[in-house]
Amino acid sequence: MGLFGPPALISVDDSRARAKRRVPKFAFDFIDGGAGAENGLRRNSSAFQNELLQPFALENTDREIVTKRRFLDQDWQLPFGVAPMGLAGLAWAGMDQHLAAAAEKFGAPYVASTPSTAALEDLKTIAPNSGWFQLYVGRSEEIVQDLILRAETAGYDTLVVTADVPRPGKRRRDLRNKFGLPLKIGPRMIADVLTHPQWALNLLKTGVPGFANLAQYADPGASTASLAELMASQSSGRLDWDLLQKIRQRWRKKLILKGISAAENVAKAMEIGVDAVIVSNHGGRQLDGAPATLHALKEIRSQIGDAYPLAVDGGVRSGEDILKACNAGADFVFLGRPFLYAVAAQGPQGADNVFAMLKDELVNAMVQTGRPIL
Ligand SMILES: Cc1cc2nc3c(=O)[nH]c(=O)nc-3n(C[C@H](O)[C@H](O)[C@H](O)COP(=O)(O)O)c2cc1C
């Protein structure tokens, strides 16, 4: 982003608006929407909007600005990364691969999701240093065990277990658009796709996105209805503290628990030997009344002290927000939708551009607040 040329990407809001024009409504609503009346979705970002940053003047801002962060024994170039997102290839074909490559290039973590539209093995090849794997503990013990084995074999050293999907959230936009599994393609959806030709052509090149990690567990020749059932039962289910303890015993490398907003849950995770917690409410996609993650983070930090590693996601929309999260006690920050919007808005280049933009905004916020080191 040069001082005199036009910036490659101006803001998350700008790329969201562009993505909305380029992506069929049913797919845009799937990535953009939240649970219930979407108060929780708005609450996450309003919490960041209402949080202030105190400027400190005349702090010799010519000094080098250091955005590096060490998190779970690894040095990262940036204090933020890509949250796990299932079905991301629906927003733009090749989404997972573009984001994994950009995260690797920028030295930031990329979390491959259980219901991702690219195989976990392929994503680890694209992001050998940056790739983590997110696990949904679904109903089939066998599949869960196999996914853990596959993650291990592929060379992942960090497993992120998601805790906030005991069952799928109620998302009104998806219900209104009749978007669900198995996908029922009606005339409205066909019209929706035909009026977004660039998205459709791109999809034709790469093939219709599927659940690359889970497809192999379906019986060959299974009906789409039974395939859909398998996906649903493997994306939510029967995780409890006993099972988490068993996963802790099985997975000896780094283990993170994602989707926690109560301090007593963090205390329990610490007790079990979980290495870090991501304070998250799934981007407001599960429980509309869940507290804003920025507020939950502050509360948890005040109760558990400074030592335990905490990350946060939900509603982070700028470099200033990333700094606010760090000020509130986050050791690391994740973003979800902003990455999807950028690639849907600009294609593969959007992945690099959103990293560059957020980094530039973060550096700017650090300079404005007289803080050379994160
Ligand atoms: C389209 C979409 C799919 C998601 N899929 C998953 C998933 O498979 N696993 C998971 O743990 N979280 C999933 N999430 C939640 C994100 O990891 C993250 O918690 C959330 O998006 C953060 O909020 P933000 O989008 O406001 O940044 C998904 C979010 C979106 C938007």
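In what follows, the structure referred to is the one given above.
Attention here is on the structure that accompanies the text. (Residues numbered from 1 in each chain as written. Predicted model: local features only at pLDDT ≥ 70, side-chain atom pairs only at ≥ 80, totals over all residues. Heavy atoms only, no water.)

1. Observations regarding the nonpolar core
Here is step 1: Counting 104 residues, the largest nonpolar core has L135 and F355 as the members making the most contacts within it.
Here is step 2: Element by element, the count of residues in this core is highest for helix α16 (residues 349-368), at eight residues.
Here is step 3: If near-sequence neighbours (up to four positions away) are discounted, F355 is found in contact with L78, F80, V82, L99, A102, A103, F106, A108 and F339. (Core = buried A, V, L, I, M, F, W, Y, C linked by side-chain atoms within 4.5 Å. Buried < 20%, exposed > 50% of the residue type's maximum accessible area, 1.4 Å probe, protein only. Helix = DSSP H or I, 4+ residues; strand = E, 2+ residues; numbered from the N terminus. Contact = heavy atoms within 4.5 Å.)

2. Quick notes on the pattern of salt bridges
Here is step 1: Taken as a whole, this structure holds 15 salt bridges when the rule is applied.
Here is step 2: With a shortest N-O distance of 2.8 Å, E121 and R150 are connected by a salt bridge. Taken together, the residues E121 in helix α5 (residues 120-126) and R150 in helix α6 (residues 141-154) connect sequence positions 29 residues apart.
Here is step 3: Relative accessible area serves as the criterion here: at 10%, R150 is assigned to the buried category.
Here is step 4: Ionic pairing is found between E152 and R250, a salt bridge with its closest N-O pair at 3.1 Å. (Salt bridge = Lys/Arg side-chain N within 4 Å of Asp/Glu carboxyl O.)

3. Remarks on the packing of helix α1 (residues 12-22) against helix α15 (residues 337-346)
Packed helices, taken two at a time, are described by the angle their axes make and the gap between the axes.
Here is step 1: Close contact between α1 and α15 brings their axes to 7 Å; oriented N to C, the two are set at 55°. It follows from the interaxial angle that α1 and α15 lie oblique. Considering the relative orientation of α1 and α15, their crossing is left-handed. For the pair α1 and α15, contact is made by V12, S15, R16, R18, A19 and R22 and by P338, Y341, A342, A344, A345 and Q346, respectively. (Axes fitted to C-alpha atoms, helices over the stretch in contact; angles between N-to-C directions. Parallel < 35°, antiparallel > 145°, perpendicular 65-115°, else oblique. Left-handed = near helix turned anticlockwise from the far one by under 90°.)

4. Digging into unusual backbone geometry
Here is step 1: Of note in the backbone geometry, L58 takes a positive phi value of approximately 55° without being a glycine.
Here is step 2: The residue L58 is located in the loop between α3 (39-50) and β1 (69-71) in this model.
Here is step 3: Despite not being glycine, L87 shows a phi value in the positive range, around 55°.
Here is step 4: Within the secondary structure, L87 is located in the loop between β3 (80-82) and α4 (95-106).
Here is step 5: L87 sits in the buried class, given a relative accessible area of 12%.

5. Here's the deal with helix α11 (residues 241-250)
Here is step 1: All of the buried residues along α11 are L243, L244, I247 and R248. Projected down its long axis, α11 carries its buried residues within an arc of 150°, all on one side. Turned more than 90 degrees off the buried face of α11, the exposed positions are D242, K246 and Q249.
Here is step 2: Tucked inside the fold, the buried residues of α11 contact β5 (131-135), α6, β6 (158-162), β7 (254-260) and α12 (263-272).
Here is step 3: For α11, the N-terminal cap is D240; the gap from its side-chain oxygen to the backbone nitrogen of D242 is 3.3 Å. (Arc of directions from axis to C-beta. Polar contact = N/O pair within 3.5 Å; in protein donor to acceptor, adjacent residues only side chain to side chain.)

Any link to function would need more than the numbers given here.
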